[in-house]
Amino acid sequence: MVSCWAVAASPAGITGASYHLAALLAIEMATGWDSNRAEVIVGTSAGSFVTSIVRAGALSIDSIVQPHEGRDQVAERIRRHIYQRQRPRGVVRWVRRGLLPGIRNPGVRLLFGTPTVYHAGGIAEWVSEQAGPVADEWPDRPTVIVAFDIHSGQRVAFGTEEAPDVALKDAVAASSAVPVIFSPYRIDDRHYVDGGVVSGTHADLVLGSGRPLDLVLILAPMAAEETREGARFYEGVFDRVGRTALEEELRTIAEAWPDTAVLVLRPSPMVLDVMRPNPMDPRGAVPSFIRTLASLRNKLARPDIWEILDGHLSAPVG
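Residues numbered from 1 in each chain as written. Predicted model: local features only at pLDDT ≥ 70, side-chain atom pairs only at ≥ 80, totals over all residues. Heavy atoms only, no water.

1. As for the packing of helix 1 (residues 13–31) against helix 2 (residues 46–55)
If you want to describe how two helices pack, look at the angle between their axes and the distance between the axes. Packing of helix 1 against helix 2 brings their axes to within 8 Å, and their N-to-C directions diverge by 40 degrees. Between helix 1 and helix 2, the crossing angle belongs to the class labelled oblique. In this structure, helix 1 crosses over helix 2, and the sense of that crossing is right-handed. Counted together, Gly13, Gly16, Ala17, His20, Leu21 and Leu24 of helix 1 and Ala46, Gly47, Val50, Ile53 and Val54 of helix 2 form the full contact between these two elements. Split into classes, the residues belonging to the contact of helix 1 with helix 2 amount to seven nonpolar, four polar and no charged. (Axes fitted to C-alpha atoms, helices over the stretch in contact; angles between N-to-C directions. Helix = DSSP H or I, 4+ residues; strand = E, 2+ residues; numbered from the N terminus. Parallel < 35°, antiparallel > 145°, perpendicular 65-115°, else oblique. Left-handed = near helix turned anticlockwise from the far one by under 90°. Contact = heavy atoms within 4.5 Å. Nonpolar A, V, L, I, M, F, W, Y, C, P; charged D, E, K, R; others polar.)

Have a look at this one:
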């Protein structure tokens, strides 16, 4: 039995949050492992929301479906939290921080700060509802939430010494402010967007723990290896970009911690069928959760995966 492990949870929208929740619950049911015992958790976008639930000790079936709710009721509740309207503003900020830099160096930065009709404040409120008092503070155990600062053009790893001190709920809202869908999330005098614009997992940040860990678990729904039937063209593009970034981070971890076991979990085509083509559709939350549980029941039992889980997670950690 070993005692030190980390979790990196990545972006993938509303359905991606369902995937993360179901994956962690599936592992807990299979091994008895409490994900809140992880030495380090790194969360980005949807993964940051799940990170807040885990660190609050609130991971359960109720995290996605509350008692007496049907699928449509779950979707409506999620929609109310996430899609809170506002009057579009910030055109000047977008021109300075997104449009002009994006014209000079074409790429995704062109979209940073785009004025939209939705703000991420509802996500912060949802974190408060789900995580309780810790939402207004920061977890005691090492926790990193990643966003992107459109002023500096750099990723910000909240929870590290270099980042400003913020409440957990604000870090999650900043990390989840997907460009074009949400306006940048303001904290003090800075504006942030989804940390996924830089990397899908930011798994390299687990190296900040200061000592080699025994296991790194990476949940990567936006780096799928298999393509679902009828996939839209952009799904393959996002997955290729996600796989490329993840492979680089895996090399970085392997070079720094050659003895560390790394387990990457990605959705199967069966799960992708309900997660996509629109991962931001609340109607996909429950189907994604259910199919992930069903899919991982078989996947976790594979000898190559079970050997890792059994060796690292099957006994409670003191």
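2. Describing the pairing of strand 1 (residues 5–9)
Among the five residues that make up strand 1, five are buried, leaving the element largely enclosed by the rest of the structure. Two elements, strand 1 and strand 9 (residues 215–219), share five bridges in a ladder whose sense is parallel. Paired with Ala8 across the two strands is Ile218, which belongs to strand 9. Pairing analysis gives four bridges linking strand 1 to strand 2 (residues 40–44), with the strands arranged parallel. Bridge pairing links Ala6 to Val40 in strand 2. Chirality of the crossover, the property in question, places the unit of strand 1, helix 1 and strand 2 among those that are right-handed. (Buried < 20%, exposed > 50% of the residue type's maximum accessible area, 1.4 Å probe, protein only. Pairing = 2+ DSSP bridges. Right-handed = clockwise from strand over helix to strand, strands pointing away.)

3. A short note on the pairing of strand 10 (residues 261–265)
Pairing analysis gives five bridges linking strand 9 to strand 10, with the strands arranged parallel. Following the sheet pairing, Leu215 is matched in strand 10 by Ala261. Running through helix 7 (residues 233–256), the crossover from strand 9 to the neighbouring parallel element strand 10 is right-handed.

4. Considerations on empty space enclosed by the protein
What the rule picks out here adds up to four cavities of 30 Å³ or more. There is about 220 Å³ of room inside the largest cavity. Forming the boundary of the largest cavity are 18 residues, of which Gly13, Ile14, Ala17, Ala46 and Ile82 lie nearest the centre. With five residues, the single largest contributor to the lining of the largest cavity is helix 1. Of the residues in the lining of the largest cavity, the class split is 13 nonpolar, five polar and no charged. (1 Å grid on protein atoms, 1.4 Å probe; cavity = no way out; pocket = protein on both sides within 12 Å on 5 of 7 lines; lining within 4 Å. Points joined across faces, edges and corners; volume = space filled by probe spheres on them.)

5. Structural notes on the pattern of salt bridges
Following the criterion strictly, the structure yields 13 salt bridges and no others. Here Asp204 ties to Arg155 by a salt bridge, and the two come within 2.9 Å at their closest N and O atoms. With Asp204 in the loop between strand 8 (190–194) and strand 9 and Arg155 in strand 6 (residues 154–158), the pair connects residues that are 49 residues apart, well separated along the chain. By relative accessible area, Arg155 is classed as partly exposed at 30%. (Salt bridge = Lys/Arg side-chain N within 4 Å of Asp/Glu carboxyl O.)

6. Description of the nonpolar core
Counting residues in each nonpolar core, the largest one holds 68 residues, and the members touching the most others are Phe158 and Leu217. A total of ten residues in this core trace back to one element, the largest contributor, which is helix 1. Counting residues in each nonpolar core, the second largest holds 19 residues, with Ala8, Val144, Ala220 and Ala223 among its members. (Core = buried A, V, L, I, M, F, W, Y, C linked by side-chain atoms within 4.5 Å.)

7. Comments concerning the layout of surface pockets
In this approach the atoms are scanned with a rolling probe the size of a water molecule, which exposes any empty space left behind. In this structure, the largest pocket encloses a volume near 870 Å³. Along its surface, the largest pocket is lined by 29 residues, and Val178, Asp194, Gly196, Met222 and Phe238 are the ones closest to its centre. Sorting elements by how many residues they give to the lining of the largest pocket places helix 7 first, with seven residues. For the lining of the largest pocket, the residue count by class is 19 nonpolar, seven polar and three charged.

8. Considerations on the environment of Leu313
Here Leu313 is to be found in the segment after helix 10 (303–312). Taking the C-alpha atoms as reference, Leu313 lies 21 Å from Thr201; in sequence the two are 112 residues apart. Those residues in contact with Leu313, other than ones at most four positions away along the chain, are Trp5, Ile27, Thr31, Trp33 and Leu215.

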